[in-house]
Structures are given as C-alpha cells and as structure tokens.
Amino acid sequence: MKFFLDTANISEIEEGVSWGCVDGVTTNPTLISKELVGKGDFKTLVRKILDVVDGPVSLEVTSTKADDMVREGKKLRTLGDNVVVKIPTTVEGLKALKILKSQKIKTNATLVFSVNQALMVAKAGASYASPFVGRLDDISEDGMSLIEDIREVYDNYDFETEILVASVRHPIHVKEAALIGADVATMPFEVFKKLISHPKTDEGIKRFMDDWGKIDKKKLMF
Ligand code: G3P
C-alpha cells in the first residue's frame, strides 16, 4: 500500500520523506492556498515539492471546462514528469480524463463519492480515483464501505485505476483502507505521525533505558 502526504507544506513533506515511507504527495487548491496566501508563488512552491518527492505529486486544475482543464493540466505537467493532474469528477472532467490519457498524462479523479462515479472515471481512463472517506463520514455515510465497494467493482472488471483513499482523518481510516486493499491512502501529516506512535512502545523504551542505566558501564565489553 502506498502512503501519500496530503499537504503542500514543504517542512512536512521533507520530514515525511526522511522517514522512508512517503510514496507521493497530493495537493488541492485549499492546501496550496494555505501555503501561498501572502507568501510566495505557485511555481516556486511546486518546484520545491517536486524536488523533495520522488513519486507522484497530484496538482489540481481549477478550470471547469474540459478544454481548459486539459490546457491547464498540460501546463502543470511541464513542471515535472511525476506530476499527476487532478481533475474534478464531473462530465467535463470525464472528457478531460479521456484526452489526458490519450496524451499519456497521469490523472487523479478527485471528489469521488459513489461507486458509479468511480466506475465512470475508471472507464474514462483515470490513473487514480480519489474517494473522500472523511467527508462521507461527516454526513453520516460510511466512507469505508465505499472503498470496499469500489475495490470489489474494480477487481470484478480488472480496472487499472488505483484507489486513492482521500479525506483521511485518523489512523483507523488508514488501517481499514489497508485491510480492504486500497492502493493508496493520502493523509495529512498529523495522521501520518500517529501511525508510528504507540504508548506501549514509549513505555518499553523508557523501561529498557532505565534498566540499562543500572549497569556499571565499566563492566561492559564495548
Ligand atoms: O486532498 C483531498 C482530501 O484529502 C481533502 O480532505 O479533510 O479536506 O476532507 P478533507
């Protein structure tokens, strides 16, 4: 299973990459805007991200018409070979996915909330489909059961589109996505950090160190 960081913050990306388990990054207009308001420009930020990440980096188009999405997507793609163009799941988005696929540009269909949307974007040639589990949970729908259903449908027909679980809010989302067999989970750095910590690990380290401290160090071989 691949882990992507869902952030445009360079320090978070650098730190995550140094842990050896970040396979890529996803951004969206909200995340980019958080980093840019009053401090910097888009290209510089994206170039920094692309420098740090050795894997797919999703950058979202902000156009709504297919031709404009394609134009914007092609421009984004010139920033790096690992750029994946994020396209909203709409009729215009489907048209853009099809064109970008024919031009061998990787795409990520975003804002997927149903199995049928996931089917449509896969048929249109999306490289990734991003179902938003947290936002479904927010409205009392079960985000993870959507992932189960999409997994089953994609496997039924051998679709190559990867399931990229998005809007991940806590470690249980990540564990469940892994159990279901989702291809990727993208998560905020705050969630990523929580995946490695366990109070019993901390307690165990403390006990080992305390006991080690009781030994007369001069009697050690090294
Ligand atoms: O990048 C899309 C998605 O992960 C956003 O998550 O928490 O804003 O619903 P959230």
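Keep in mind that this is a model prediction, so the values were computed, not measured.

## Observations concerning the pairing of strand E5 (residues 107-112)
Part 1: With five of its six residues buried, E5 lies for the most part within the structure.
Part 2: As paired strands, strand E4 (residues 83-88) and E5 are joined by four bridges and run parallel to one another. Bridged to Ile87 within E5 is Ala109.
Part 3: Running through helix H5 (residues 91-102), the crossover from E4 to the neighbouring parallel element E5 is right-handed.
Part 4: In terms of strand pairing, E5 meets strand E6 (residues 128-131) through three bridges, oriented parallel. When the bridges of E6 are listed, Asn108 appears paired with Tyr128.
Part 5: In the classification by handedness, the crossover that spans E5, the intervening helix H6 (residues 115-124) and the parallel E6 is right-handed.

## Looking at the nonpolar core
Part 1: Grouped together as the largest cluster of nonpolar side chains are 56 residues, with contacts concentrated most on Ile49, Ile87, Ile147, Tyr154, Val165 and Met187.
Part 2: It is helix H8 (residues 143-156) that contributes the most residues to this core, six residues altogether.
Part 3: Apart from the residues lying within four places of it in its own chain, the contact partners of Ile147 are Pro131, Val133, Ile163, Val165, Ile180 and Ala182.
Part 4: The next biggest cluster of nonpolar side chains, apart from the first, holds five residues, and it includes Phe4, Val84, Leu164 and Val184.

## A word on a nonpolar patch on the surface
Part 1: A cluster of nonpolar side chains, Ile205, Phe208 and Met209, forms an exposed patch at the surface whose accessible area comes to about 350 Å².
Part 2: Counting through the fold element by element, Ile205 comes out in helix H11 (residues 199-212).
Part 3: Judged by relative accessible area, which is 48%, Ile205 ranks as partly exposed.

## Focus: the site of the ligand
Part 1: Lining the immediate surroundings of the ligand are Asp6, Asn28, Lys86, Phe132, Arg135, Ala166, Ser167 and Arg169.
Part 2: Take Arg135: an N or O atom from its side chain is 2.6 Å from an oxygen atom of the ligand.
Part 3: The contact in question runs from an oxygen atom of the ligand to an N or O atom on the side chain of Arg169, over 2.9 Å.
Part 4: Across the complex, the protein chains shield 83% of the 310 Å² of accessible surface that the ligand would expose by itself.
Part 5: Taken together, the residues that form the shell around the ligand break down as two nonpolar, two polar and four charged.

## Let's talk about the side chain of Glu60
Part 1: Its location among the elements puts Glu60 in strand E3 (residues 57-60).
Part 2: Looking at Glu60, the relative accessible area reads 17%, which means it is buried.

## Topic: the pattern of salt bridges
Pairing of side chains with opposite charge becomes possible as their charged atoms draw close.
Part 1: Tallied over the entire structure, the rule returns 13 salt bridges.
Part 2: With its nearest N and O atoms 3.0 Å apart, the salt bridge here joins Asp68 to Arg71. Of this pair, Asp68 and Arg71 both sit in helix H4 (residues 66-77), three residues apart, roughly one helical turn.
Part 3: The exposed category is assigned to Arg71, whose relative accessible area is 54%.

Definitions and cut-offs
- Residues numbered from 1 in each chain as written.
- Predicted model: local features only at pLDDT ≥ 70, side-chain atom pairs only at ≥ 80, totals over all residues.
- Heavy atoms only, no water.
- Buried < 20%, exposed > 50% of the residue type's maximum accessible area, 1.4 Å probe, protein only.
- Helix = DSSP H or I, 4+ residues; strand = E, 2+ residues; numbered from the N terminus.
- Pairing = 2+ DSSP bridges.
- Right-handed = clockwise from strand over helix to strand, strands pointing away.
- Core = buried A, V, L, I, M, F, W, Y, C linked by side-chain atoms within 4.5 Å.
- Contact = heavy atoms within 4.5 Å.
- Patch = residues over 30% accessible without salt bridge, like charges linked within 9 Å, V, L, I, M, F, W, Y side chains within 5 Å.
- Areas by Shrake-Rupley, 256 points an atom, 1.4 Å probe, with all protein chains shown as cover.
- Salt bridge = Lys/Arg side-chain N within 4 Å of Asp/Glu carboxyl O.
- Near = heavy atom within 4 Å.
- Polar contact = N/O pair within 3.5 Å; in protein donor to acceptor, adjacent residues only side chain to side chain.
- Nonpolar A, V, L, I, M, F, W, Y, C, P; charged D, E, K, R; others polar.

Such coordinate-based values are descriptive only and should not be taken to indicate function.
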